[in-house]
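# Coordinates in review
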Amino acid sequence: MGGRRTNLAILGLLVLALVTGTVAYGLGAPSGRAVVIGHGMVGLGLLVLSPWKAALSRRSARRRPLRSTWPSLILALLVIVTVASGVAHSTGVRRIPVVPTAMHLHVGAALLSIPLGVWHVVVRPQRPRRSDASRRTLVRAGVASLVAGGLWLGGEGVLRAAGLRGAKRRFTGSHEVGTDDPGRMPVIQWFLDDVQRLDPADWELTVAGPDPRIVRRTLRLADLGDAREDVRATLDCTSGWYATQTWHGVPLRRLLPAPGPARSILVTSVTGYARRFPVADLDRLWLADGYGGMPLAQAHGAPTRLVAPGRRGFWWVKWVAAIEFDDAPPWRQPPFPLR
Ligand SMILES: Nc1nc2c(c(=O)[nH]1)N[C@H]1C(S)=C(S)[C@@H](COP(=O)(O)O)O[C@H]1N2
Ligand SMILES: [Mo]
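The rules we used
Residues numbered from 1 in each chain as written. Chains lettered and ligands numbered in written order. Predicted model: local features only at pLDDT ≥ 70, side-chain atom pairs only at ≥ 80, totals over all residues. Heavy atoms only, no water. Salt bridge = Lys/Arg side-chain N within 4 Å of Asp/Glu carboxyl O. Helix = DSSP H or I, 4+ residues; strand = E, 2+ residues; numbered from the N terminus. Buried < 20%, exposed > 50% of the residue type's maximum accessible area, 1.4 Å probe, protein only. Core = buried A, V, L, I, M, F, W, Y, C linked by side-chain atoms within 4.5 Å. Pairing = 2+ DSSP bridges. Axes fitted to C-alpha atoms, helices over the stretch in contact; angles between N-to-C directions. Expected span 1.5 Å × (residues − 1). Bend = angle between axes of the 7 residues up to and from the residue. Contact = heavy atoms within 4.5 Å.

Time to look at the pattern of salt bridges. Where charged atoms from two side chains of opposite charge come close, those side chains can pair. Overall, the coordinates contain 14 salt bridges when judged by the stated rule. Note that arginine 232 is salt-bridged to aspartate 180, the shortest N-O span being 2.7 Å. On the criterion of sequence distance, the pair formed by arginine 232 in strand β4 (residues 229–237) and aspartate 180 in the loop between β1 (175–176) and β2 (205–208) is long-range, its members being 52 residues apart. Overall, the relative accessible area of 49% leaves aspartate 180 in the partly exposed class. Two residues, arginine 311 and aspartate 281, come together in a salt bridge whose shortest N-O distance is 2.8 Å. Residue arginine 311 is found in the loop between β10 (305–307) and β11 (320–326), and its partner aspartate 281 is found in the loop between β7 (274–278) and β8 (286–291); the two are separated by 30 residues along the sequence.

Here's what the structure looks like:
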């Protein structure tokens, strides 16, 4: 394979990896399984091309002084770490030295590689040629996809044959930890939030209707009373684990007045961490104060947290302080929390 084509193929795979990885990160429903599988195939595709790319890089590095090649070396290292930690995660490795989980390393190295990758494309451009858009390229891409798909299936077979934890990962790629055993469930802060230790006796929830001037109420824990029901739901964190629990909570539909013209529901934590949901989710969200027959632990959101089946963990706001109807559309928020 020519050097130019190899480089373009690598670039294409890196872009695909970022897109599928980002989508997979937000994914909560099994219908998106193909994206996660595609993400794995792209990673394996990079592995397959790596010997060709390594030869090209060695040649290029020999022609240039070290001061102009070190950013490329760091980029190569970051991509290698990203693929290796992705493979490690898939096999079932969770803990590795220094970083909290293999998934943290995977995402961290990938994010760091973006600015270097952009720089690399700018200073070492590879122009596609008109002749690249040929049937031959299409056939090659098809063969490459088949090879990557075969490798992916082979890899899954190996995980199964070796009885590795990775064989049982969920459609999101997450591993089971602490199902029906909340004490074993990890405690995860998205980014910068601190674990809160709140006194249930003092807890107050602000509930505001479509027009806060008309409906604004304060609820206390005792008010949840008999409206609680059991919900079997899976908390699936983007750091690569999931746990299914029987949660005890009140459906938001029963806590909130009719949505009226509101377009979204804003759920805010005492810490300021917040997520905005479409009003259609009123029937799919619960305010929970317990799981498995016991009250929530403080670190898991006591006195109350949101239970959002079918949504990734970062939607499950802990230490809920306010639930408000709002005119803003549900998409008016960063796709992932920023704090
Ligand atoms: N207030 C607040 N709620 C939060 C978070 C946070 O950082 N702050 N992290 C979210 C993330 S990323 C996950 S995976 C779940 C983890 O819940 P757990 O700590 O009970 O396992 O809480 C979510 N709710
Ligand atoms: Mo998470």
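So that's the structure; there's more coming.
Our focus in this paragraph is the nonpolar core. The biggest cluster of nonpolar side chains holds 43 residues, and the ones touching the most others in it are Leu205, Trp247, Leu252, Leu255, Leu287 and Ile323. When contributions to this core are tallied by element, the ones reaching two or more residues are β2, β4, β5 (241–251), α7 (252–255), β6 (264–269), β8, β10 and β11. Residues Ile10, Leu13, Ala17 and Leu49 belong to the second largest nonpolar core, which totals seven residues.

The five strands lie next to each other as β3-β2-β11-β6-β7, forming an open sheet whose pairing is mixed. Of all strands in the sheet, those bounded by a partner on one side alone are β3 (216–219) and β7. Strand-to-strand, the axes of this sheet are offset by a mean angle of 15°, without reference to chain direction. Looking at chain direction, β2 and β11 are connected through three bridges and run parallel. Within β11, the residue paired with valine 207 across the bridge is isoleucine 323.

Moving on, we get to helix α4 (residues 102–123). The end-to-end C-alpha distance of α4 is 31 Å, a good match for the 32 Å that 22 residues give at a rise of 1.5 Å each. If you look at α4, its biggest bend is around 35°, right at isoleucine 114, and the proline proline 115 turns up within four residues after that. Turning to α4, its buried residues are Ala102, Met103, His106, Ala109, Ala110, Ser113, Leu116 and Gly117. At its buried positions, α4 is contacted by α2 (33–63) and α3 (66–91).

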